[in-house]
Each structure stands twice: as C-alpha cells, then as structure tokens.
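# Architecture and fold: a report
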Amino acid sequence: MKQTGTQASKKPLRTGVLVLFAVLAAVSAIGFALRDAIAERVLLGVVERNIGTDVRAELPDGLHVFLCGTGSPMPDITRAGPCTAVLAGDRAFVFDSGAGSVRKLALMRFPVGSTEALYLTHLHSDHIDGLGETMLQIWIGGSLRRNTPIYGPIGTSRVAEGFNDAYQIDAGYRLAHHGPEIADLGGFGLDPRELVLEGDSEVVFERGEVRITAFRVHHDPVEPAFGYRIDYKDRSVVISGDTTYDENLVDVAAGCDLLVHEALNMELIEAMEELARERGATSIEKILFDIRDYHTSPVDAARAAEASKAKALVLTHIVPPLPTPLLNGRFTRGMDAEYTGAITVGVDGLLLSLPAGSEEIVKEQLLR
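Residues numbered from 1 in each chain as written. Predicted model: local features only at pLDDT ≥ 70, side-chain atom pairs only at ≥ 80, totals over all residues. Heavy atoms only, no water.

## Let's talk about the pairing of strand β4 (residues 115–119)
- Across the five residues that make up β4, a large majority, five, are buried.
- Both strand β3 (residues 91–95) and β4 contribute to a ladder of four bridges, which runs parallel. Each bridged residue has a counterpart across the sheet, and for F95 the counterpart in β4 is Y119.
- Since β3 and β4 lie parallel, the crossover through helix α2 (residues 101–107) that links them has a hand, and here it is right-handed.
- As defined by bridge partners, β4 adjoins strand β5 (residues 148–152) across two bridges and the pair is classed as parallel. If you follow Y119 over to β5, its bridge partner there is Y151. (Buried < 20%, exposed > 50% of the residue type's maximum accessible area, 1.4 Å probe, protein only. Helix = DSSP H or I, 4+ residues; strand = E, 2+ residues; numbered from the N terminus. Pairing = 2+ DSSP bridges. Right-handed = clockwise from strand over helix to strand, strands pointing away.)

Here it is as structure tokens:
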C-alpha cells in the first residue's frame, strides 16, 4: 500500500532522531572516557610527585622552614594544629605535633621518615594531639630500628609513654602485616628526653653545623614552656612556642633571620567573647577571656621582632581562625608601626627557604 506524504516524512524523522541519540550517546561515552582518563592522569601526577620523592633534592643548602600547622585549638578547616618543621641542611626536625600536621608535612614532601628528633614547646593538648600519627609515620616511613627521640619539658616522658602504650596494639598489627623489614618493633615509639634548663636558655642539640637552643617563655600556668632557636651555618630561625611578649625571647632571637611567632588578635577575641555572653555560652565566654593573658597580640609580636632585630616575621598559631585572607589586614592592624621588616601571616603549606651564604628568604606555597 502506498504511504501518504505524512507517513513517509515521519520515517526519516524517526531515523534522524535515533541517529542523533546514537551520536550523542557515543559523544557522551567518549566524554566520560576522556574525563576518566584526565582524572586518572591527575591522580598519577599527584602520586608521581609525592611517592618516593624527597623535597631535599630540590632545595639549596640552608635552613628550610615548613609551616605544617598554623592553627590553634579553635576549629579551622584550613589549618592543622601547631607544627613547624625545619630542614637544617639534610637534617630534619619537627617542632610540636598538632592534629593533622604530619599529613600536611607529607603533602609538602618533607622527609618525615628521616626526622631526627621531635621537639615540644609545651604540653598543651593542641601541641601534642598529633603525636601518635606522627610517630607512626616516622617509624614506618623510615623503617626505623630505633625509637624517635622527643625533647620537651618535664612531663614529656609521661606523654610519650602514653602514646607508646596507646599505639602498641596498632604497631603489632603493622608488624604482622608488613613484616620486620618495614615495621621492626625495635624502632616503634617515642624516646623521651626531658629538658631541664640551668638558665633561661641552653643549647640542647649540636652536631656538625646544626645547633638547637631551647629557651624559656612565659605561658603561665604552663611551666616550663619553651621556644627554640635553630642555627645552621650562617642562617637562623626562632620558633616562639606559646608565650606572651617575652624579653628572654627577644634576647635569644637577637639578629635571627626569621622569627616564627604565635599571634592572638585581642580585639577579635573580645568580639567573640561578647557574642558568647549574649548567647549565654558562659563557659566559652570565660575561656575567651582567659586566653588573652598568655598569648601575644600581633602588635606585640611585631614589637618582639623589632626589639630582636629579626629580619623577617611570620605569624603562626593564628587565633581566632581567619576564614578568608581578606581578614589578614584586620588581623595585622598596627604591626607596621612597630616593625620595619617583612610580615607574613602564616598558612599551612608555606615553605620559607633561607639559603646558606645569603640573606634571601624565599617563600613558596606548596599546598593549594
């Protein structure tokens, strides 16, 4: 039977639609495959950059400061708990171990498994709550046959023994799974070395051209609390720990290349305290009031940097959290009037390199 014009025209139309759907399906399949290929390439690129690599091969001889945790006890999605790591030549040291900080170090390609020693400024929870993960990563990453030395104030032995005990079961699992070549129990755990300073400061490590000096800072009722100065060849960095403005820090930091100093903005904390009061959050209100008397304001950190003649200042242990860099100017308001050097608001993933034989400080953001 002969088709009408309308029926004849519908058949090519249906065919065209089916062809179009087929083409779209093919394009879509190609698109998904291309997307997956790109995503896999990105993954492999990250793996190639991080697995089995060591940032030391790319750095000049000198001091290199890794900001692995610039946060505080306050929740901060962008900042791990307090931690600063230092490469002095090829030697690796980690100062404090806040929650999540060792993961930042791994992403920065710091040689975690080669860490020679850990140093604690004091025993507040936010400075030690990452120790379990850190000691495991050092142990497994370095396939260690010795315990990791950890230096700190009186009480460090008790803290270290607690972490050793808490992670002992996990260590046994890792030995059973990976074998003694990777997870030798002889290298598991922390070896505490408590520091009892005879004066206000004392050299606690000196080998080759590396010297580490511990010094007292004021963080009452925490007693003792320390800061550290690291010297390598002709370069130096000072880590304040938690402190108020402190003349002993100023003395020890004299002429240093870089001062890494904690900072708490009093005005912003006062605003938070007022809000807590309005909402009846009395415990939070009291804590926000109390923390102001044993921390340093950004302006006082600038005063300390100027008095010590530090060549550059980096702020860390940022309180309160800064949800956007747009607040940096508010946080640092008034500092320029007290200090003539370069000021940086520290962020996780920032590497500051101090090449030997130079006065240069090179900044590179390793984490985006």
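After that view of the structure, there is still more to cover.
## Notes on the sheet that holds strand β10 (residues 235–239)
- The strand order β7-β8-β9-β10-β11-β12-β13 describes an open sheet built from seven strands, whose pairing is mixed. Since the sheet does not close on itself, it has two edges, and those belong to β7 (201–207) and β13 (342–345), each with one partner. Averaged over all pairs of adjacent strands, the angle between strand axes in this sheet comes to 25°, irrespective of strand direction.
- Two strands pair when backbone bridges link them, and strand β12 (residues 312–319) and β13 are joined in this way by four bridges, in the parallel orientation. Following the sheet pairing, V314 is matched in β13 by T344.
- Each of β11 (258–264) and β12 touches helix α10 (residues 298–308); the most contacted strand, β11, lies at about 160° to it. (Axes fitted to C-alpha atoms, helices over the stretch in contact; angles between N-to-C directions. Contact = heavy atoms within 4.5 Å.)

## Concerning a nonpolar patch on the surface
- On the surface, V19, V23 and V27 cluster together into a nonpolar patch covering about 240 Å² of accessible area.
- Note that V23 resides in helix α1 (residues 5–50).
- With a relative accessible area of 43%, V23 lands in the partly exposed category. (Patch = residues over 30% accessible without salt bridge, like charges linked within 9 Å, V, L, I, M, F, W, Y side chains within 5 Å. Areas by Shrake-Rupley, 256 points an atom, 1.4 Å probe, with all protein chains shown as cover. Salt bridge = Lys/Arg side-chain N within 4 Å of Asp/Glu carboxyl O.)

## Regarding the side chain of E262
- Among the secondary structure elements, E262 is positioned in strand β11.
- R303 provides the closest opposite charge to the buried, salt-bridge-free E262, at an N-O distance of 12 Å.
- Within the structure, E262 has its side chain in polar contact with the backbone nitrogen of T296 (distance 2.7 Å).
- Discounting chain neighbours no more than four positions away, the residues touching E262 are S240, G241, D242, T243, Y294, H295, T296, A301, T316 and H317. (Lys, Arg positive; Asp, Glu negative; His and termini not counted. Polar contact = N/O pair within 3.5 Å; in protein donor to acceptor, adjacent residues only side chain to side chain.)

## Digging into the packing of aromatic side chains
- Evaluation of the coordinates by the stated rule reveals 10 aromatic pairs.
- A centroid spacing of 5.0 Å and a plane angle of 75° characterise the contact between F66 and F110, whose relative ring orientation is edge-to-face. Pair noted here: F66 is in strand β1 (residues 62–69) and F110 is in the loop between α2 and β4, with a separation of 44 residues, a long-range link.
- Judged by centre distance (5.2 Å) and plane angle (20°), the rings of F95 and Y119 are stacked. With F95 in strand β3 and Y119 in strand β4, this residue pair connects regions lying 24 residues apart in the sequence.
- The exposure class assigned to F95 is buried, which follows from its relative accessible area of 2%.
- Among the aromatic side chains, those forming a connected cluster through ring pairs are F93, F95, Y119, Y151, F205, F226 and Y228.
- Sitting above the plane of the Y245 ring, R303 keeps its charged end 4.2 Å from the centroid. (Phe/Tyr/Trp six-rings, centres within 6.5 Å; stacked < 30°, edge-to-face > 60°. Lys NZ or Arg CZ within 6 Å of the ring centre and 35° of its normal.)

## Concerning the state of the cysteines
- This structure, assessed with the given rule, holds one disulfide.
- Residue pairing for C68: its cysteine sulfur links by disulfide to C83, the two sulfurs lying 2.4 Å apart. Looking down the S-S bond of the C68 and C83 bridge, the torsion is -75°, so its handedness is left-handed. Of the two residues, C68 sits in strand β1 while C83 sits in strand β2 (residues 83–88), which places them 15 residues apart along the sequence.
- Its relative accessible area of 3% is what places C83 among the buried residues. (Disulfide = S-S within 2.5 Å.)

## A few points about the pairing of β5
- Among the five residues that make up β5, five are buried, leaving the element largely enclosed by the rest of the structure.
- Of the pairings in the sheet, the one linking β5 to strand β6 (residues 190–194) comprises five bridges and is parallel in character. Pairing of Y151 across the sheet is with R193, part of β6.

## A short note on helix α5 (residues 156–166)
- The set of residues buried in α5 consists of T156, S157, V159, A160, F163 and N164. All buried residues of α5 lie within an arc of 165° about the axis, which places them on one face of the element. Within α5, the exposed residues directed more than 90 degrees away from the buried face are R158, E161, D165 and A166.
- Tucked inside the fold, the buried residues of α5 contact α3 (125–128), α4 (131–142), β5, α6 (168–178) and β6. (Arc of directions from axis to C-beta.)

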